[in-house]
Amino acid sequence: MRVDCHQHIWPPALVTALRERDVMPYLRDWTLYLPGENPYQVDPAAHDVERRRAAEHADRVLVSLSSPLGIEHAADGAELIDIWHASALALPDPFRVWAAAPVAVPDGPALARVLREDRIAGLQLPATALDSPDAIGHVAPLLEVLEQSGKPLLVHPGPAPAEPGGLPDWWPALVPYVAQMHRSWMSWHVAGRKRHPGLRIAFVALAGLAPLHHERLAARGGPAFDRDPNVFYETSSYRADAIASLARVVGPAAVVHGSDRPYAEPLDPVAFHEAYFTANPARLLRQP
């Protein structure tokens, strides 16, 4: 089975809910407004379910709530997350769903109920909720429930901070998103595995290339880096140079394919190791 571990699609109910909001994040028609990003013109075709199905070559596609929206951190995020779960779980094959959860006041029992759904692959959390050892401790009620369920965690960039104007549209994806992934990986390396020894975890965007800093980590007195068979690195937006460099450090068995569609396109399976699309995601997801 060929798997794409990371895509986004907004079901109609979620689009409607975002249009009804008067605080960020919100949509006005198809223009998205976020505190830390320039207004973004969303392509409606990118969220047309039948068009997306027709363009898909993977046998299974895991879709998630867009964590840069900041919904997991929002005071009223639980309502939008409920809409996400209800509408995403109704999507047809090949789609499966990453669950979401509010992080300000973690609710383990509520997450446990969602994780019982067969079409839920695991939990996605924003990297901004895992950006320090203390932050990992704060969301421990969610991670403990997830670990007990046997399903994995996907770590995704969270909301970009508001900054002075004049920055290009690509700035959040290249600066705060990458830094968030780097922080979450370092925090997990320092504290996460000790707290959650059996949890499988995947970092999108190759964890901001954080493992490539293992030599500097050692030189500065940090904990030794060892390959962890339960840590995976998803490829979205990267290509041959970065993937090959990371695979030399973490091992090719740790790399899983994800496209971040509709914001980037899938890798060509002919040009990359077949296990990135099949065997490695199967181990992450514990597929039969």
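Rules of the game
- Residues numbered from 1 in each chain as written.
- Predicted model: local features only at pLDDT ≥ 70, side-chain atom pairs only at ≥ 80, totals over all residues.
- Heavy atoms only, no water.
- Helix = DSSP H or I, 4+ residues; strand = E, 2+ residues; numbered from the N terminus.
- Rg over C-alpha atoms; globule rule 2.2 N^0.38 Å.
- Buried < 20%, exposed > 50% of the residue type's maximum accessible area, 1.4 Å probe, protein only.
- Areas by Shrake-Rupley, 256 points an atom, 1.4 Å probe, with all protein chains shown as cover.
- Lys, Arg positive; Asp, Glu negative; His and termini not counted.
- Charge placed at Lys NZ, Arg CZ, Asp CG, Glu CD.
- Core = buried A, V, L, I, M, F, W, Y, C linked by side-chain atoms within 4.5 Å.
- Contact = heavy atoms within 4.5 Å.
- Pairing = 2+ DSSP bridges.
- Axes fitted to C-alpha atoms, helices over the stretch in contact; angles between N-to-C directions.
- Salt bridge = Lys/Arg side-chain N within 4 Å of Asp/Glu carboxyl O.
- Right-handed = clockwise from strand over helix to strand, strands pointing away.
- Patch = residues over 30% accessible without salt bridge, like charges linked within 9 Å, V, L, I, M, F, W, Y side chains within 5 Å.

Caption draft 1: Main features of the overall build of the protein. Regarding its fold elements, the protein presents eleven helices and eleven strands. A globule of 288 residues ought to have a C-alpha radius of gyration of about 19 Å, and the protein, at 18 Å, matches this closely. Its C-alpha atoms give the protein principal-axis dimensions of roughly 50 × 45 × 40 Å. Burial status across the protein gives 53% buried among its 288 residues. Of the roughly 12700 Å² of accessible surface on the protein, 55% is carried by carbon and sulfur atoms. Side chains of the protein carry 26 positive and 33 negative charges; the gap between the two charge centres is 6 Å.

Caption draft 2: Representation of the nonpolar core within the structure. W10, L123, L125, L143, L153, F203 and Y233 are the most contacted members of the largest nonpolar core, which has 86 residues in total. Broken down by element, the residue count for this core peaks at six residues, all from helix α10 (residues 240–250). With residues up to four places along the chain from it excluded, the contact list for W10 reads V15, L18, L27, L32, V42, H47, S66, L69 and Y263.

Caption draft 3: Spotlight on the sheet that holds strand β1 (residues 3–7). The strand order across the open sheet built from eight strands is β1-β5-β6-β7-β8-β9-β10-β11, with neighbouring strands paired in parallel fashion. Whereas interior strands pair on both sides, the edge strands pair on one side only; in this sheet they are β1 and β11 (255–256). Pairing analysis gives three bridges linking strand β6 (residues 95–99) to strand β7 (residues 120–126), with the strands arranged parallel. By the bridge assignment, A99 is partnered in β7 with L123. Of the strands in this sheet, β8 (153–156), β9 (201–203) and β10 (231–234) are in contact with helix α8 (residues 176–195), which crosses β9 at around 155 degrees.

Caption draft 4: Fine view of the pattern of salt bridges. Following the criterion strictly, the structure yields nine salt bridges and no others. E50 is the salt-bridge partner of R53, the closest N and O atoms lying 3.4 Å from each other. Note that R53 and E50 are positioned in helix α2 (residues 49–54) at a spacing of three residues, about one turn of the helix. Of the charged contacts in the structure, one is a salt bridge between R119 and D93, with a shortest N-O distance of 3.4 Å. You can see R119 sitting in the loop between α4 (108–115) and β7 and its partner D93 sitting in the loop between α3 (77–88) and β6, a full 26 residues away along the chain. A relative accessible area of 23% places R119 in the partly exposed class. On the accessibility criterion, D93 (42% relative accessible area) is partly exposed. Taken together, the shared-partner salt bridges in this structure form one network comprising E56, R261 and E265.

Caption draft 5: Spatial organisation of the sheet that holds strand β4 (residues 37–41). Spatial ordering of the open sheet is given by β2-β3-β4, a layout of three strands whose pairing is antiparallel. Both edges of this open sheet fall to β2 (26–28) and β4, since each of them pairs with a single strand only. Across the sheet, the mean angle from the axis of one strand to that of its neighbour is 25 degrees, orientation sign disregarded. Pairing of strand β3 (residues 31–34) with β4, which is carried by three bridges, proceeds in the antiparallel orientation. Pairing of L32 across the sheet is with Y40, part of β4.

Caption draft 6: Representation of the pairing of β7 within the structure. Counted residue by residue, β7 has seven buried out of seven residues, so it is predominantly covered. Taken together, β6, α4 and β7 form a β-α-β motif whose crossover is right-handed. With four bridges connecting them, β7 and β8 associate as parallel partners. Note on β8: the bridge partner recorded for P126 is H156.

Caption draft 7: Focus on a nonpolar patch on the surface. On the surface, W170, L174 and V175 cluster together into a nonpolar patch covering about 310 Å² of accessible area. Looking at where W170 falls in the secondary structure, it is placed in the loop between β8 and α7 (171–174).

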